[in-house]
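# Structural features, examined
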Amino acid sequence: MADSIMSKAATMEIPINSNGDTGSLPEDDSLEQDLQQVMVSGPNLNETSIVSGGYGGPAGGIIPTRSSNHNSGNSTEELTRGVAVEKLDSVKKWGINTYKCTKQMLSERFGRGSRTVDLELEAQIDLLRDTKLKYENILRLATALSSHFQSMVQTQQALGDTFTDLSQKSPELQDEFGYNAETQKLLCKNGESLLGAISFFVSSVDTLVNKTMEDTLLTIKLYENGRLEFDAYRSELEELSMGPRDAASMIRIEMAQHEYQHYRDKYERLRSDVTIKLKFLEENKVKVMHKQLLLFHNAISAYFAGNQQQLEQTLIQFNVKLKPPGSDKPSWLEEQ
């Protein structure tokens, strides 16, 4: 396109007036269209383009077409570099904190360092851990009782069905087999009621042990980690305070003082969280176990006393809903 324009300009005759000056160029529609096309599109997108106004127009220059892409690339590169620097700084802080906490933990283990101890809170934490172990044992034994008792109820159900079948096929022993069939069915019905009460007891204790107590122990774990961090930075501040007091040391002491205060506030906050959770846990434990132990006692007593009415009243009192027979069996799809 540019070569075509130049050839047209070279073959064009320029008139000269009487004063020796060149006149205006003759109008050529094709030349004007070619110039406009070059100024708009440019001969190549990778090269510079003539802006509106031509070489002498008001824009007075040329604009590189790659400048926006270059600026965009720079901004993306700066953003990526900023994210990488932030991650590197985070890893650096984590490494320093881990080193200090490991050093403090080893010094405590070998008896070289001191640790912050809240005697009253530590006693409550030890009591909770011991209580959890004992409740886990109750849960294990109650689960075993439920499993064995369920097997007995299923055996009674099968035995009752067998007696019923024999009472129909043995006319000479029909009454005897019938009495035993009715007895086994009644025991099976009462056994299902007791099994419902035991299952309710097991479910409640399981929630108390594996959710409520476990949540409190998780908070205690965070508190113990916070205590270790606090002691690590406290020990560092004490070491720096016993050293020289030059300008560089004073700067390090000031930074250590700031970190010490930060981890002290964190430790105090976590200790308060543990104290509150231990209080609520104790209240919840007493409330739950009072209800469950009363249910367990009344249901067991009514069953072995043969008092069906009292057993049913106990289930109603504690809002225990029995599962329909066969609800624990897998569905047809699950068996497939």
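Under an unreviewed UniProt entry, the protein chain has the name AH domain-containing protein and belongs to Periophthalmus magnuspinnatus.

With that settled, consider the packing of helix H4 (residues 119–169) against helix H6 (residues 247–304). At a closest axis distance of 12 Å, the pairing of H4 and H6 adopts a crossing angle of 30°. The pairing of H4 with H6 is recorded here as roughly parallel in orientation. For the pair H4 and H6, the sense of crossing is left-handed. Facing H4, whose interface residues are Leu121, Gln124, Ile125, Leu128, Thr131, Tyr135, Leu145, Phe149, Met152 and Gln156, H6 presents Arg271, Val274, Thr275, Leu278, Leu281, Lys285, Met289, Phe296 and Tyr303.

All right, on to helix H5 (residues 174–241) then. End to end, H5 covers 97 Å across 68 residues, agreeing with the expected 100 Å (1.5 Å per residue, within 8%). The axis of H5 is deflected most strongly, by about 35°, at Glu214.

Here we come to the nonpolar core. In this structure, Ile125, Leu128, Ile220, Tyr223, Val274 and Leu278 are the most contacted members of the largest nonpolar core, which totals 41 residues. Of all the secondary structure elements, the ones that give two or more residues to this core are H4, H5, H6 and helix H7 (308–317). By residue number, the principal contributor to this core is H5, which donates 16 residues. Setting aside its immediate chain neighbours within four residues, Ile220 contacts Ile125, Leu128, Arg129, Val274 and Leu278.

Let's shift gears to the side chain of Thr219. Residue position: Thr219 is located in helix H5. A distance of 3.0 Å separates the side chain of Thr219 from the side chain of Lys277, its partner in a polar contact. Residues contacting Thr219, with those up to four places away along its chain left out, are Asp273, Val274 and Lys277.

What follows covers H6. Between the first and last C-alpha of H6 there are 83 Å, a value that for 58 residues agrees with the 86 Å anticipated at 1.5 Å per step. Just downstream of H6 lies Gly306, where phi reads positive at about 75°.

Annotation from UniProt places "coiled-coil region" (unreviewed entry) at residues 253–284. Segment residues 253–284 splits into 100% helix and 0% strand. End C-alpha atoms: 46 Å apart.

Moving on: the layout of surface pockets. Size it by volume and the second largest pocket reaches roughly 350 Å³. Taken together, the elements giving at least two residues each to the lining of the second largest pocket come down to helix H3 (67–109), H5 and H6. Element by element, the count of residues in the lining of the second largest pocket is highest for H6, at seven residues. For the lining of the second largest pocket, the class distribution of residues is six nonpolar, three polar and seven charged.

Calculation rules
- Residues numbered from 1 in each chain as written.
- Predicted model: local features only at pLDDT ≥ 70, side-chain atom pairs only at ≥ 80, totals over all residues.
- Heavy atoms only, no water.
- Axes fitted to C-alpha atoms, helices over the stretch in contact; angles between N-to-C directions.
- Helix = DSSP H or I, 4+ residues; strand = E, 2+ residues; numbered from the N terminus.
- Parallel < 35°, antiparallel > 145°, perpendicular 65-115°, else oblique.
- Left-handed = near helix turned anticlockwise from the far one by under 90°.
- Contact = heavy atoms within 4.5 Å.
- Expected span 1.5 Å × (residues − 1).
- Bend = angle between axes of the 7 residues up to and from the residue.
- Core = buried A, V, L, I, M, F, W, Y, C linked by side-chain atoms within 4.5 Å.
- Buried < 20%, exposed > 50% of the residue type's maximum accessible area, 1.4 Å probe, protein only.
- Polar contact = N/O pair within 3.5 Å; in protein donor to acceptor, adjacent residues only side chain to side chain.
- UniProt positions renumbered as here; feature names shortened; annotations may be inferred.
- 1 Å grid on protein atoms, 1.4 Å probe; cavity = no way out; pocket = protein on both sides within 12 Å on 5 of 7 lines; lining within 4 Å.
- Points joined across faces, edges and corners; volume = space filled by probe spheres on them.
- Nonpolar A, V, L, I, M, F, W, Y, C, P; charged D, E, K, R; others polar.

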